[in-house]
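Residue strings, one per chain:
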Amino acid sequence: MRAFWARHPRLVDSLLAALCWVWVFDDAGGLRIPQPVEGAWWTVNTVVAATMLIRRSRPWWAVLAVTAAGTLLSDHFVGVALACALYALAAYRPTRDAMLGAVLAVTVLAAAVAVNPGPRSWQDTAVAYTVIAVISVLPGLNVRIRRRYLQALLDRTEQLAREKEQEGRLAAARERTRIAHDLHDIVAHSLTVMVRLADGAAAVARTDPARAESASERIAGVGRTAMVDMRRLLGVLRDGPPGEDARPAQDLDTLVATFRGAGLPVTVDRQGPEPASPSLRNAIFRTVQESLTNALRYADGAQKVLVGLDYRADPILVEVTDDGQGSGPASSVGARQGLIALRERISLYGGTVLAGPRAEHGWAVHVTLPQPDEGS
């Protein structure tokens, strides 16, 4: 029934209007139907009944109209209409308005009886209308609070749904970014080393076949490593991303040896033991890999490429410098993506990345990584 009346508010208001128009109370408190000779009552009662049709949208008008009717016909009891009007005022307007409307109606009606004494005293009238106001306003307030509570629940549900959808989009974007970074690490490093080794093998193929054969073997090794990394990445795409710690820690010495084989004069200065965290070692590995790849591509004529690793410091310091004559990766739009990916990767660990040309010539990459907690 509640759902039916909620779906048909106009029907409810029409029934209330008919009830207010037909039913009135006589002086003894019984129901009676007004006779046509009571012309003044018919006019006022019609106005009061009409206000029931606007009590939802204009509750103040309904309260004032019923109150005015009661002052004009103080010998008639307009309780039904006043109860409906005060209920609507409490249900559709703030609590302050409901309280003010109830006090105003009771005061005006009691004052009207006091000015024009009738069968009832103004005290009885005040008590009667106070009871009507209380039993009308309290349910109206309850309905309004319940409606606001339900609306708040609906709004919260919609907000949670939007947040969940947004989190899903952000998670997908983060995962796409991570996959793009891993692809860049695999493709850029592997292809750069393979191209340099292939150029070297082609240059000495006739004069030094042994060196050309060694370079070809290194090309095959780099290619196989790239295939393993690519296979691991494709497995992540199929099975879902593992945690960062789930990736095996990469061998930094093997990486340096690969670049040396490609002709890059790399020197490693390592201070202190490596951190125990595999994810942190991978971050250091990716830093050195990106930096040496850029040095191999852009550091023309480099005589010395230094990789400094200070594991004793807090934060851990990783610095890769070269003395090449190139302008560095800033001159290449594609290479900028590698530095951006490196900054995003290091930021996950709370670290920082500084990269730029050196004061004399060459390029430098300076990375700091906070030491892991003892319990981690």
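Each remark here, short or long, concerns the structure printed above.
The following paragraphs examine the structure supplied in this document. (Residues numbered from 1 in each chain as written. Predicted model: local features only at pLDDT ≥ 70, side-chain atom pairs only at ≥ 80, totals over all residues. Heavy atoms only, no water.)

Taken in spatial order, the 5 strands of this open sheet run β3-β4-β5-β7-β6, and their pairing is mixed. Here the strands that pair on one side only, and so sit at the sheet edges, are β3 (266-271) and β6 (352-357). With direction set aside, neighbouring strand axes in the sheet form an average angle of 10°. Docked against the sheet, helix α9 (residues 252-261) engages β3 and β4 (305-310), running at close to 160° with respect to β3. (Pairing = 2+ DSSP bridges. Helix = DSSP H or I, 4+ residues; strand = E, 2+ residues; numbered from the N terminus. Axes fitted to C-alpha atoms, helices over the stretch in contact; angles between N-to-C directions. Contact = heavy atoms within 4.5 Å.)

The subject of this paragraph is the pairing of strand β5 (residues 316-322). Within β5, 5 of the 7 residues are buried, which leaves the element mostly enclosed by the surrounding structure. Relative to β5, β4 is paired through 6 bridges, and the arrangement is antiparallel. Bridge pairing in β5 links V305 to D322. Remark: 5 residues form the turn of the hairpin made by β4 and β5, two consecutive strands paired antiparallel. When β5 meets strand β7 (residues 363-369), the two strands line up antiparallel, connected through 7 bridges. (Buried < 20%, exposed > 50% of the residue type's maximum accessible area, 1.4 Å probe, protein only.)

Let's shift gears to the pattern of salt bridges. Using the criterion set out here, one finds 2 salt bridges in the structure. For D253, the salt bridge goes to R270, with nearest N and O atoms at 3.1 Å. Placement of the pair is D253 in helix α9 and R270 in strand β3, with a sequence separation of 17 residues. For D310, the salt bridge is made with R312, and the minimal N-O distance between the two is 3.5 Å. For R312, a relative accessible area of 59% corresponds to the exposed category. (Salt bridge = Lys/Arg side-chain N within 4 Å of Asp/Glu carboxyl O.)

Before going further, it helps to examine a nonpolar patch on the surface. Together, V127, V131, V134, I135 and L138 make up a nonpolar patch on the protein surface, roughly 460 Å² of accessible area in all. Within the element layout of this structure, I135 appears in helix α7 (residues 122-203). Of the residues examined, I135 reaches a relative accessible area of 56% and is grouped as exposed. (Patch = residues over 30% accessible without salt bridge, like charges linked within 9 Å, V, L, I, M, F, W, Y side chains within 5 Å. Areas by Shrake-Rupley, 256 points an atom, 1.4 Å probe, with all protein chains shown as cover.)

What follows is about the side chain of R144. Tracing the backbone through its elements, the reader meets R144 in helix α7. Within the structure, R144 has its side chain in polar contact with the backbone oxygen of A90 (distance 3.1 Å). Leave out the neighbours within four places in its chain, and R144 touches A90, A91, Y92, R93, P94 and T95. (Polar contact = N/O pair within 3.5 Å; in protein donor to acceptor, adjacent residues only side chain to side chain.)

In this structure, F259, L264, V266, V288, L292, L309 and L369 are the most contacted members of the largest nonpolar core, which totals 36 residues. Secondary structure elements with two or more residues in this core: α7, α8 (209-239), α9, α10 (278-298), β4, β5, α11 (333-347) and β7. The element best represented in this core is α10, accounting for 8 residues. Look past the residues within four positions of F259 in its chain and what remains in contact with it is H189, V193, L264, V266, Q289, L292, T293 and L296. (Core = buried A, V, L, I, M, F, W, Y, C linked by side-chain atoms within 4.5 Å.)

Geometric values such as these leave the question of function open.
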